[in-house]
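Structure at a glance
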Amino acid sequence: MKLVSAKTMLETARKEGYAVGQFNINNLEWTKAILHAAQEMRSPVILGVSEGAGKYMVGYNTIVGMVEGMMETIGVSVPVALHLDHGSFDAAKACIEAGFTSVMFDGSHLSIDDNVEKTKEIVKLATAKGISVEAEVGSIGGEEDGVVGSGEVADPEECRRIAKTGISMLAAGIGNIHGTYPDNWQGLNMDVLKEIGETTDNIPLVLHGGTGIPDAMVREAIGYGVSKINVNTECQIEFTKAVRTYFEAGKDKVGKGFDPRKVLKPGYDAIIKVVKEKMTLFDSQGKA
Ligand code: 13P
């Protein structure tokens, strides 16, 4: 199956009351693990690429080639969208050109007027090619690949305005942050989420910072219209933990245990486990 836009998969998820996971990719192992997990779970999936990860993987064209080649060879038959995560205006344009099927333009640091205007420009370019667009209001807290957000709670009126620009999905800050949550975290602001859901005409809502949110809170958020949940840090932590265990057990010193394919295998397996658990929690398994 060819890469698809995230629009239809998220509208269906919103209607049917589940969420599709966006899992960020960092390299070949990450991509392969997520595609295999999605295929096995019969779940739609979104592969997220931050600008930093885009540079690391030698540019957007390289990523499109890798993902498309892998999907064909694996025989992936579930819907997969390739999505730019927290993109600048220029990065969004570059990904639209390179063959991504979904882009996020993150104008949350701009005034709402400028955010609306710039988002409209990206929507125009993307829609002409059938590409979905995510916008953001009220920056998500924490730090991800150098993009630092202060963790605001979005204004539902600003959400209403940006939802009318023709975007396919909306990320609104509701106390969520990237990375792990501090012990004194207050949790997601469900009152604001509910209000945003009511003022944005059933547009699929996006929950960033999917690592470490208690399961019950995730389910409650899905009930209020969250249809896309982004997970990155948890895969990184579990990958690194598994590779560390391999070294600590001295397995790299046994036979050809130094072969990088053997070294990375426990990390690869760990990502598959996290992704499958999340697909079960988000209830997207069996939906493709
Ligand atoms: P976490 O790294 O906290 O899982 O968040 C990922 C994310 O929101 C990507 O945009």
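Note: the structure precedes this text.
Residues numbered from 1 in each chain as written. Predicted model: local features only at pLDDT ≥ 70, side-chain atom pairs only at ≥ 80, totals over all residues.

1. Description of the sheet that holds strand β10 (residues 226-231)
- The sheet built from 8 strands closes into a barrel, its strands ordered β1-β2-β3-β4-β5-β8-β9-β10 with parallel pairing. The sheet shows a mean angle of 25° between the axes of neighbouring strands, taken without regard to direction.
- Bridge analysis of strand β4 (residues 102-105) against strand β5 (residues 132-137) gives 4 bridges, and the strand direction is parallel. Within β5, the residue paired with Val103 across the bridge is Val133.
- Across the sheet, helix α1 (residues 7-16) touches β1 (20-24), β3 (80-87), β5, β8 (169-172) and β10, and the angle it forms with β10 is around 120°. (Pairing = 2+ DSSP bridges. Helix = DSSP H or I, 4+ residues; strand = E, 2+ residues; numbered from the N terminus. Axes fitted to C-alpha atoms, helices over the stretch in contact; angles between N-to-C directions. Contact = placed C-beta atoms within 7 Å.)

2. Overview of helix α6 (residues 112-127)
- The end-to-end C-alpha separation of α6 is 22 Å, in line with the 22 Å expected for 16 residues at 1.5 Å each.
- Within the sequence span of α6, burial applies to Asn115, Thr119, Ile122, Val123 and Ala126. With its buried residues spanning 105° around the axis, α6 presents them on a single face. Counted as exposed and oriented over 90 degrees from the buried face of α6: Asp113, Asp114 and Lys124.
- In this fold, the buried residues of α6 make contact with α5 (89-98), β4, β5 and α7 (156-163). (Expected span 1.5 Å × (residues − 1). Buried ≥ 20, exposed ≤ 12 C-beta atoms within 10 Å, placed from the backbone. Arc of directions from axis to C-beta.)

3. Section: the nonpolar core
- Core analysis: the biggest nonpolar cluster contains 83 residues, and Ile34, Leu47, Val80, Val103 and Leu170 have the highest contact counts within it.
- It is helix α2 (residues 28-41) that provides the largest number of residues to this core, a total of 7 residues.
- Here Ile34 is in contact with Phe23, Ile25, Val45, Leu47, Ile271 and Val275, once residues within four sequence places are set aside. (Core = buried A, V, L, I, M, F, W, Y, C linked by C-beta atoms within 7 Å.)

4. Side note on the site of the ligand
- Near the ligand, the surroundings consist of 16 residues, among which His208, Thr211, Asn230, Asn232 and Thr233 are the closest.
- Elements that contribute at least two residues to the shell around the ligand include exactly β3, β10 and α10 (233-248).
- Of the residues assigned to the shell around the ligand, the class counts are 1 nonpolar, 12 polar and 3 charged. (Near = placed C-beta within 6 Å. Nonpolar A, V, L, I, M, F, W, Y, C, P; charged D, E, K, R; others polar.)

5. Quick notes on the pairing of β1
- Across the 5 residues that make up β1, a large majority, 5, are buried.
- Residues of β1 alternate between two faces, with Val20, Gln22 and Asn24 on one and Gly21 and Phe23 on the opposite face, all of them buried.
- Relative to β10, β1 is paired through 4 bridges, and the arrangement is parallel. Residue pairing across strands places Gly21 opposite Ile229, the latter belonging to β10.

6. As for the pairing of β3
- In terms of burial, β3 is largely enclosed, as 8 of its 8 residues are buried.
- Pairing between strand β2 (residues 45-50) and β3: 6 bridges, direction parallel. Within β3, the residue paired with Val49 across the bridge is Leu84.
- Bridge count for β3 against β4 is 3 bridges, and the pairing is parallel. Across the sheet, residue His83 finds its bridge partner in β4, namely Ser102.
- Once you follow β3 into α5 and on to β4, the crossover reads as right-handed. (Right-handed = clockwise from strand over helix to strand, strands pointing away.)

7. Considerations on the packing of helix α4 (residues 60-74) against α5
- The contact between α4 and α5 brings their axes to 9 Å, and the two run at 40°. The pairing of α4 with α5 is recorded here as oblique in orientation. Both α4 and α5 take part in a crossing whose hand is right-handed. Contacts between α4 and α5 involve Tyr60, Asn61 and Val64 on the former and, on the latter, Ala94, Cys95 and Ala98.
- Considering only residue class, the contact of α4 with α5 consists of 5 nonpolar, 1 polar and no charged. (Parallel < 35°, antiparallel > 145°, perpendicular 65-115°, else oblique. Left-handed = near helix turned anticlockwise from the far one by under 90°.)

8. Things to note about the environment of Thr280
- Topologically, Thr280 is positioned in helix α11 (residues 260-282).
- Between the alpha carbons of Thr280 and Ile46 there is a distance of 15 Å; along the sequence they are 234 residues apart.

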